[in-house]
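Overview (structure and organization)
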2 protein chains.
Amino acid sequence: MASHRTKMARFAKLISYDEAVGRLLSVNWVQIPVESVPVLHSNGRVSASKIVSSVKVPNFDRSAVDGFAVAYSDVSGSDEFNPVLLKIAGEIEAGKFHKNTLANGYAYEIYTGGQMPRNADAVVMAEDAVRRGNEVEILKPVRKYENVSRSGEDLDVGQVIIGKGEVIKPQHLASMVAAGFDEIKVYKRINMGILSTGNEIMPKGGTIKNTTQPLLLNYFNSGYMETIDLGVVPDEVEKLHETLKSFRTKDLQILVITGGTSLGVKDIVPDVVQEYGSFVFGGVMIKPGRTISLYEVKGMPVFCISGLPVAALISLEAFLNEYLSNQIGLRKSRFIVRARMSERVANRDAMRSYLRVHLKNTELGLIAEPLRITGSGILSSLLKANGIVVIPENIEGIEEGDAVEVSVIGEVL
Amino acid sequence: MASHRTKMARFAKLISYDEAVGRLLSVNWVQIPVESVPVLHSNGRVSASKIVSSVKVPNFDRSAVDGFAVAYSDVSGSDEFNPVLLKIAGEIEAGKFHKNTLANGYAYEIYTGGQMPRNADAVVMAEDAVRRGNEVEILKPVRKYENVSRSGEDLDVGQVIIGKGEVIKPQHLASMVAAGFDEIKVYKRINMGILSTGNEIMPKGGTIKNTTQPLLLNYFNSGYMETIDLGVVPDEVEKLHETLKSFRTKDLQILVITGGTSLGVKDIVPDVVQEYGSFVFGGVMIKPGRTISLYEVKGMPVFCISGLPVAALISLEAFLNEYLSNQIGLRKSRFIVRARMSERVANRDAMRSYLRVHLKNTELGLIAEPLRITGSGILSSLLKANGIVVIPENIEGIEEGDAVEVSVIGEVL
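Residues numbered from 1 in each chain as written. Chains lettered and ligands numbered in written order. Predicted model: local features only at pLDDT ≥ 70, side-chain atom pairs only at ≥ 80, totals over all residues. Heavy atoms only, no water.

Counting secondary structure elements, chain A contains eight helices and 26 strands. Expected size for 413 residues packed as a compact globule is a radius of gyration near 22 Å; at 31 Å, chain A overshoots this value by more than 25%. Per-residue burial for chain A yields a buried fraction of 56% across its 413 residues. In the structure as shown, chain A presents an accessible area of about 17,600 Å², 48% of it carried by carbon and sulfur atoms. With 46 positive and 48 negative side-chain charges, chain A shows a separation of 6 Å between the mean positions of the two kinds. (Helix = DSSP H or I, 4+ residues; strand = E, 2+ residues; numbered from the N terminus. Rg over C-alpha atoms; globule rule 2.2 N^0.38 Å. Buried < 20%, exposed > 50% of the residue type's maximum accessible area, 1.4 Å probe, protein only. Areas by Shrake-Rupley, 256 points an atom, 1.4 Å probe, with all protein chains shown as cover. Lys, Arg positive; Asp, Glu negative; His and termini not counted. Charge placed at Lys NZ, Arg CZ, Asp CG, Glu CD.)

Shown next, in the form of C-alpha cells:
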C-alpha cells in the first residue's frame, strides 16, 4: 500500500482544468456506435447526423380552418350588414387531393387540412359566414392567404430540423415525422456503470448513508445514457480487484468509481485502477471535486471521483460533458442566463470554482445570490441552489453587481 | 349529424380562460391514487406529502477531508518554515463510531467521513501536514471547524426536503436517502391516452402526416405521467363509438382526443363524447387552441383538442396544468425569466395568447423576440422558439421594451 508521501506525489501539482480537458481529448477512446431507430422512438436520443428536410411541409396549400375558400379580392367590402354573396362550387374535405379551380363569384366549402382550390387565396372562417342553400353570405373580409397554410411554410426543402449532436426533443421528432422520415441514425445509448467504494457506506455496518450513488444514478440517467448500479465495495484492494474483474462481462462504455480518491491510506481506488489501464490525469484545480482522476482502460474512460455527493456530481459532469461533446458532439443543453451577483465572492487558491447560487427575479433583472456552503458533502445545497456560476482559476473573485453567466439547474421564480 | 348552425351554437360565445378553469375546478374528478414506492425508485414522481427530516445529517461531526483532527488553537501560528509539531494519538477511519478525546498537543489522523474526536474542532488537510513517525508537522493554520462537516449542517431536524406536489429530482431523492427514508408516498403514475381522429391523417390514404399524436405522446410523457398511444380513427361516428367503447377495459385517468373539434360537419368528436358524460366547457378565448372542449366521463377528464400540433400542445398543457395542480398539487416546473420585448406585439380579438418567442442574451439583459407565425399548425415554430409569453385577454398588446415573463422551453444562448 502506498505511503502518504508517494500518494501525495500524485496530487503534488494539481493541473488546470484546461490541461485536464486537453489530456482527456488526446486519448483515443473507443467510439460510441451509431444505430438506426424509428423516428417515433427517438425522443431523448442524440442525433448522429444533421437532419434536413427534403420536402416542403405542407406539400400543398391547405386550409388552416373550417370555412370557405375564396379569392380575397371578391370579399373585400363585406361586413355583417353588407355581406358578399358567393355561390358554392362544392365541398373540399381534408385527406383527399383534387384539381378544383375557383371561378369568380364562387366559394368552396373547405375543412381544416383541405387542399386549396386553384385561384383561391384565402379562407373565411365558418363563424364569419352564413350558408344559405347553395350560396354563402360572407360577413367579414380576409387578407390574402389568411387562414391558409402555405406549401413549405412549416418546413422548406433544405431546412435543418436538428443538428448532429443535438438531443432529440418531441418537436424535433414530430418535425421529422412531418418531413417523412421513418428511421434515423442516433448514437447508441451509453451504458455508464457507477460503483461506490467505502467502508463507511457499506449497506451493513456503515455509519453514513450512500447518497452519492443514487444521486449520480438518477442525475445522469437520460434518453442517451443509461446509468447502471454496480453496488458498493469496501476499501479493500482484493475486493476491488474482484469487482473490477467481474465487470468484464458487462457492456459498459463508461465506468465511474466514487470514493477512495484522496490521499488517505484507505484511498486505494486509483492505484488499483491503474493496474488495468493508463493514467490520463489526476488532481485538477476545480472546486469542489479536485480529487477527480481519469484512467483509460481498453479505450473506456474510468472516472475516479470523490465520494462526497456534490463534489462527485460537479466534477463528473464537468468532464463527462467534455467527453460527450468530443465523442458524440453533444451540445450543452442547459439554460444559460445572465445575472448580477448580489455580493462579493472570493475565489482563493486559483481554483476553477463551481459556485452554487440562488437566482432571483427582481425589478433590476436576475440576481444571483451565492450560497455560503463549506464542504462538498452538503447535499442540501443542491435543494437550495437553482444555478451554478463557474469562476475560472485566473479570477480572484467576483465583485458585487458583476454580470455572471449562470447555468440554470432549477426553477427561477 | 348536427348542422353548421347548431354546431356554431356550441362556440357562439367563447368563454374566458378563467371561466373555463373555474368550470374545470368545479367538477368532482376521480382522485389520483397514492402509492408507496422505494425512495431509490422515486425519481420523477410527484410527492404526495411534505417530506421533513426527523434526523440531523450528518448525525455526528465528521471530517470532510483526509488529514489530521486538531484543536484549531493549537496550530494557529504554524507555517511551512515554523511548523507546529503534534503527537499522533491514533487513527480514525470512516465507518466506525468511537469515543476518542483529543488532548492538548495531540492530533488524530483522520479520514474523510471519520467521526471527529471530542475536543477537536478542525482538520488540517493531509497536503498541509508531514507525518514523521508518531508525530506530525502542521504547515498551515486552520479556522475553527475548517474541513469539518458539522452535525446537522446538511439537514437539520424539521428541515423540509420536498413539498407535497413537487416533482422528485435526484437531489431530493438523495436527501431522502440521507435522512433515512426507505419508502415514500407518491401519486400513482397517471395514464393519459391520446387518440387521434381525422381522415386526412389515416396511416393509409391520408394526405397529411399525423404529427400531433407523436408530439403529445412524447411531450407529456414523464416520471409522473405515462402517455398511451390509442391510434387513429377516421371521421366516422360509428368508428369513434366503437373505439371509445373499447377503452373501457383500459386503465386511463385522462383521455385526450385530437382533431374533429371545430365547426365542420366532419367535426364529430364533441357530439359523440357528449353521449358518454357531461359537458364542462367548449370554446375558450385562447390562441392558439380555442376549440378545446372538456367533458367529464365517469369522473375522468376527456379533453377534445385541435388536430393541429401547436394548438393541441398549447391548449392541452394550459388546462392539464390546472387539472394536475388541482388533483395532485403539481407545482409549475418551468423556468420563468423576465425579459424585454424587442418589438410591439398586438393582441387582437381579446384572446389569451400564447406567444412563441426567441429569447436572447444581450448586453442589455434578456430580450424576447416574437416569432411571426400565423397558423397553429406550424410545428417548426417550436424548433425556433425557446420561450412562451402569455398575453392575457384584457391586454391589447405589448409595447417594445415592455418587461414580460417568459416560460423557458429551450436553450438560451
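Next up on the list: the packing of aromatic side chains. Tallied over the full model, the rule gives 12 aromatic pairs over all chains. With a centroid separation of 5.0 Å and an interplanar angle of 80°, the aromatic rings of Tyr219(A) and Phe220(A) are classed as edge-to-face. Given a relative accessible area of 26%, Tyr219(A) falls into the partly exposed group. A centroid spacing of 5.2 Å and a plane angle of 50° characterise the contact between Tyr17(B) and Phe319(B), whose relative ring orientation is tilted. Separated by 302 residues along the polypeptide, Tyr17(B) in helix 2 (residues 17–26) and Phe319(B) in helix 7 (residues 309–328) bring together distant segments of the chain. For the pair formed by Tyr17(B) and Phe319(B), the shared burial category is buried. Taken together, the ring pairs in this structure connect Tyr17(A), Phe281(A) and Phe319(A) into an aromatic cluster. Above the plane of the ring of Tyr145(A) lies Arg150(A), whose end atom (NZ or CZ) is 3.7 Å from the centre. (Phe/Tyr/Trp six-rings, centres within 6.5 Å; stacked < 30°, edge-to-face > 60°. Lys NZ or Arg CZ within 6 Å of the ring centre and 35° of its normal.)

This paragraph deals with the confidence of the model for chain A. Residue and element names in this part refer to chain A. Taken over all residues, the pLDDT of chain A has a mean of 90, while the share at 70 or more is 93%. Segment residues 1–9: pLDDT under 50, and 18 contacts once partners within four positions in sequence are set aside and those in other chains are kept. The complex prediction reports pTM at 0.90, with the ipTM value standing at 0.90. (pLDDT = per-residue confidence, 0-100. Contact = heavy atoms within 4.5 Å.)

As a further point, take the sheet that holds strand 13 (residues 190–197) of chain A. Residues and elements named next belong to chain A. Strands sit in the order 14-13-15-19-18-16 across an open sheet of six strands; the sheet is mixed. Single-partner strands in this sheet number two, and they are strand 14 (225–233) and strand 16 (278–282). Mean inter-strand twist for the sheet, computed between neighbouring axes without regard to direction, equals 20°. Across the sheet, helix 2 (residues 17–26) is in contact with strand 16, strand 18 (293–297) and strand 19 (300–305); its angle to strand 16 comes to roughly 160°. Lying on the sheet, helix 7 (residues 309–328) is in contact with strand 13, strand 14, strand 15 (254–258), strand 16 and strand 19; it crosses strand 19 at an angle near 165°. (Pairing = 2+ DSSP bridges. Axes fitted to C-alpha atoms, helices over the stretch in contact; angles between N-to-C directions.)

For the rest of this paragraph, the subject is the interface of chain B and chain A. Listed by partner, the interface residues are 83 residues for chain B and 83 residues for chain A. Where chain B abuts chain A, roughly 7,100 Å² becomes buried across the two surfaces, and 58% of that area is made up of carbon and sulfur atoms. Considering only the surface of chain B that becomes buried against chain A, Thr207(B), Phe335(B) and Leu383(B) emerge as the three largest contributors, covering 9% of it. Across the contact surface, chain B and chain A share two salt bridges. One salt bridge connects Glu127(A) with Arg290(B), and the closest N-O pair in it is separated by 2.7 Å. The interface formed by chain B and chain A holds nine residue pairs in polar contact (both at pLDDT 80 or more) in total. Those elements giving two or more residues to the side of chain B that touches chain A turn out to be helix 1 (4–10), helix 3 (170–178), helix 4 (212–219), strand 20 (335–341), strand 22 (352–362) and helix 8 (381–384) of chain B. Of the residues forming the side of chain B that touches chain A, the biggest block, eight residues, is contributed by helix 3 of chain B. Residue composition of the side of chain B that touches chain A, by class: 34 nonpolar, 25 polar and 24 charged. (Buried area = accessible area lost by both parts, 1.4 Å probe. Salt bridge = Lys/Arg side-chain N within 4 Å of Asp/Glu carboxyl O. Polar contact = N/O pair within 3.5 Å; in protein donor to acceptor, adjacent residues only side chain to side chain. Nonpolar A, V, L, I, M, F, W, Y, C, P; charged D, E, K, R; others polar.)

After a rotation of 180° and a shift along the axis of 0.0 Å, chain B superposes on chain A with an RMSD of 0.1 Å. Accordingly, the operation relating the two chain copies is best matched by a two-fold axis. For chain B, the minimum C-alpha distance to the rotation axis belongs to Gly365(B) and amounts to 3.8 Å. (Least-squares fit on C-alpha atoms with pLDDT ≥ 70 in both.)

Let's shift gears to the sheet that holds strand 18 (residues 293–297) of chain B. Sheet strands pair by backbone hydrogen bonding; their relative direction is either parallel or antiparallel. Residue and element names in this part refer to chain B. Spatial ordering of the open sheet is given by 14-13-15-19-18-16, a layout of six strands whose pairing is mixed. Unpaired on one side and paired on the other, strand 14 (225–233) and strand 16 (278–282) mark the two borders of the sheet. Shown here is a sheet whose adjacent strand axes are inclined to one another by a mean of 20°, direction ignored. Sheet analysis places strand 15 (residues 254–258) next to strand 19 (residues 300–305), joined by four bridges and oriented parallel. Bridging across to strand 19, Thr258 finds its partner in Ile305. Of the strands in this sheet, strand 16, strand 18 and strand 19 are in contact with helix 2, which crosses strand 16 at around 160°. The strands touched by helix 7 are strand 13 (190–197), strand 14, strand 15, strand 16 and strand 19; relative to strand 19, the strand with the most contacts, the crossing angle is about 165°.

Residues and elements named next belong to chain A. Between helix 2 and helix 7, the shortest axis-to-axis distance is 10 Å and the interhelical angle comes to 40°. Relative to helix 7, the element helix 2 lies oblique. Of the two possible hands of crossing, helix 2 and helix 7 adopt the one that is right-handed. Of the residues in helix 7, those in contact with Tyr17, Ala20, Val21, Leu24 and Leu25 of helix 2 are Ala318, Phe319, Glu322, Tyr323 and Asn326. (Parallel < 35°, antiparallel > 145°, perpendicular 65-115°, else oblique. Left-handed = near helix turned anticlockwise from the far one by under 90°.)

Let us look at helix 2 of chain A. Residue and element names in this part refer to chain A. Every buried residue of helix 2 is accounted for by Tyr17, Ala20, Val21 and Leu24. The buried residues of helix 2 all sit within an arc of 100° when viewed along its axis, so they share a single face. For helix 2, the exposed residues set more than 90 degrees away from the buried face come down to Asp18 and Ser26. Contacts made by the buried residues of helix 2 are with strand 16, strand 17 (286–287), strand 18, strand 19, helix 7 and strand 22 (352–362). (Arc of directions from axis to C-beta.)

Take the packing of helix 3 (residues 170–178) of chain A against helix 4 of chain B next. To describe two helices that pack against each other, one gives the angle between their axes and the distance between the axes. Across the interface, helix 3 of chain A lies against helix 4 of chain B with an axial gap of 9 Å and an inter-helix angle of 160°. The angle between the axes of helix 3 of chain A and helix 4 of chain B places the two elements in the roughly antiparallel class. For the pair helix 3 of chain A and helix 4 of chain B, the crossing hand works out as right-handed. Note on element contacts: helix 4 of chain B touches helix 3 of chain A through Pro214(B), Leu215(B), Asn218(B) and Tyr219(B), opposite Pro170(A), Gln171(A), Leu173(A), Ala174(A) and Val177(A). For the contact of helix 3 of chain A with helix 4 of chain B, the per-class residue count stands at seven nonpolar, two polar and no charged.

A word on the pairing of strand 20 of chain B. Residues and elements named next belong to chain B. In terms of burial, strand 20 is largely enclosed, as five of its seven residues are buried. Where strand 20 and strand 26 (residues 403–408) come together, six bridges link them in antiparallel fashion. Looking across to strand 26, one finds that Phe335 is bridged to Val408. Of the pairings in the sheet, the one linking strand 20 to strand 23 (residues 365–370) comprises two bridges and is parallel in character. The residue bridging Arg340 from the neighbouring strand is Ile367, located in strand 23.

Moving on, we get to the pattern of salt bridges. All names here are of chain A. In this structure the tally under the stated criterion is 29 salt bridges over all chains. Residue Glu146 is joined to Arg143 by a salt bridge in which the shortest nitrogen-to-oxygen separation is 3.5 Å. You can call Glu146 partly exposed: its relative accessible area is 23%. We classify Arg143 as partly exposed; its relative accessible area is 46%.

All right, on to the environment of Ile15(A) then. Residues and elements named next belong to chain A. Position of Ile15 relative to the elements: it lies in the loop between helix 1 (4–11) and helix 2. Overall, Ile15 belongs to the buried group, its relative accessible area being 10%. The spacing of Ile15 and Lys204 is 189 residues in sequence and 37 Å in space, taken between C-alpha atoms.

A separate point is unusual backbone geometry. Residue and element names in this part refer to chain A. Backbone torsion omega between Val57 and Pro58 reads -10°, so that peptide bond is classified as cis. Summarising the element assignment, Pro58 is placed in the loop between strand 2 (51–52) and strand 3 (62–63). Of note in this structure, Asn119 is not a glycine but carries a positive phi near 75°. Positionally, Asn119 belongs in the loop between strand 6 (106–110) and strand 7 (122–125). Exposure remark for Asn119: the relative accessible area of 52% places this residue in the exposed category. The phi dihedral of Lys298 is positive, around 50°, even though this residue is not glycine. By relative accessible area, which is 73% here, Lys298 ends up exposed.

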